Amino acid sequence: MAEHYEYLVLDGKILPYQEAKLHILTPAVKYGATAFEGLRAYWNEDLQQLFVFRSSDHMSRLMQSGRLMGMESVDYTVEELNDLLCDLLIANKIREDVHIRPSLFVVGEGQVPARGPVSLGMAVIPMERWADKTYRLCISSWRRIDDNSLSPRIKCAANYQNGRMALIQAKEDGYDGCLMLDHRGHVTEEPRGCFFMVRKGVPVTSPLTDDILESITRETLIELFNEFHGIQTEVREIDRTELYVAEEVFLCGTGMEVTPVGQIDRFLVGNGQIGPLTTTIRQSYIGIARGVDGRHSEWRMPVYPGV
Ligand code: PMP
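Residues numbered from 1 in each chain as written. Predicted model: local features only at pLDDT ≥ 70, side-chain atom pairs only at ≥ 80, totals over all residues. Heavy atoms only, no water.

Visitor: Provide a residue-level description of the overall build of the chain, including the pertinent values.
Guide: Along the backbone of the chain there are seven helices and 16 strands. The C-alpha atoms of the chain give a radius of gyration of 19 Å, which matches the 19 Å a tight globule of 307 residues would have. Across its three principal axes, the chain shows a C-alpha extent of roughly 50 × 50 × 30 Å. Counting over 307 residues, the chain shows a buried share of 55%. The long-range fraction of contacts in the chain, counting pairs at least 24 apart against all pairs at least 6 apart in sequence, stands at 71%. Accessible surface, the chain as shown: approximately 14,000 Å² in total, 51% of it carbon and sulfur. Charge centroids of the chain, computed over 32 positive and 43 negative side chains, lie 4 Å from each other. (Helix = DSSP H or I, 4+ residues; strand = E, 2+ residues; numbered from the N terminus. Rg over C-alpha atoms; globule rule 2.2 N^0.38 Å. Buried < 20%, exposed > 50% of the residue type's maximum accessible area, 1.4 Å probe, protein only. Contact = heavy atoms within 4.5 Å. Areas by Shrake-Rupley, 256 points an atom, 1.4 Å probe, with all protein chains shown as cover. Lys, Arg positive; Asp, Glu negative; His and termini not counted. Charge placed at Lys NZ, Arg CZ, Asp CG, Glu CD.)

Visitor: Kindly report on helix 3 (residues 78-91), identifying the contributing residues and their values.
Guide: Relative to the 20 Å expected for 14 residues at 1.5 Å per residue, helix 3 spans 20 Å between its end C-alpha atoms, a close match to the ideal helical length. For helix 3, every residue scored as buried is listed here: V78, L81, N82, L84, L85, C86, L88 and L89. Count one or two residues on from helix 3 and you reach K93, which has phi positive near 50 degrees. (Expected span 1.5 Å × (residues − 1).)

Visitor: Lay out the pairing of strand 10 (residues 194-199) with the relevant residues and their values.
Guide: Counting buried residues in strand 10 gives five out of six residues, a clear majority hidden from the surface. Pairing analysis gives five bridges linking strand 10 to strand 13 (residues 248-253), with the strands arranged antiparallel. Directly across from C194, in strand 13, lies its bridge partner C252. Of the pairings in the sheet, the one linking strand 10 to strand 11 (residues 202-205) comprises four bridges and is antiparallel in character. Paired with F196 across the strands is T205, a residue of strand 11. The turn joining strand 10 and strand 11, which pair antiparallel and follow one another in sequence, is formed by two residues; a positive phi near 50 degrees is taken by K200. (Pairing = 2+ DSSP bridges.)

What follows is the structure, encoded as structure tokens:
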């Protein structure tokens, strides 16, 4: 796996890795005035093609985050962002699975309320695989931020300090991660992904209005459960004690894909191993994302022309 790739994007231009730098006085660095995205591109060996999964949805969410952060509007359409991303992947000759990080930065030397100028960055990062094991989670004693403070709907650097504190605590206490509760005590999400549990054979996940990111993977899995497996996901508020009696629990996200959970607060989930619905939906998701399963081609952006 490469340590890093040769080119990045800053100010909308493809630059050598070392040249893509920000000044320490930019509001992005001083105050965390940064919105970002995380995408994955999957290499399909049979088709000799690189597919970016749901690129337009990620680029739209990036623009939505920038808007919700009060950033000056940026002059890129989703199509232009997709094209720039393809150019960057081609410049780096990517023929393996990678992680992609587009960001909007408030630059210049403004103070806290600065809305611009806004610069666009994109990075291609070698993809670390999530360990193939069941995760051990705790309930964090840190509360999830809420829609009227700094909304978890916004994917911005500042939001991730809430999850960062929770993850530091969880890891110090010997867990792999944690679930965060909202101010009413309902289950929201893990600091890096969304949450599903299975109760009485039915997948259940928290609503988008319960202080979670509008996760693209969550939406994909709800659709795949329905379309491929004929199973309706229940979207509703989730109590803490439901976690301790769930048959299966898994986390999901672009980075996490589908990550099984074997323990929560030292209660075993099922028998502690990956459960049947988790296995099924994980296979469906990876098949679609890599394009081994040809359905939903509208979700895969092919990078190399003429393949
Ligand atoms: N919640 C949080 C806090 C996340 O960081 C992520 C990862 N982006 C997710 C949920 C999952 O979102 P997505 O499926 O769009 O990657």
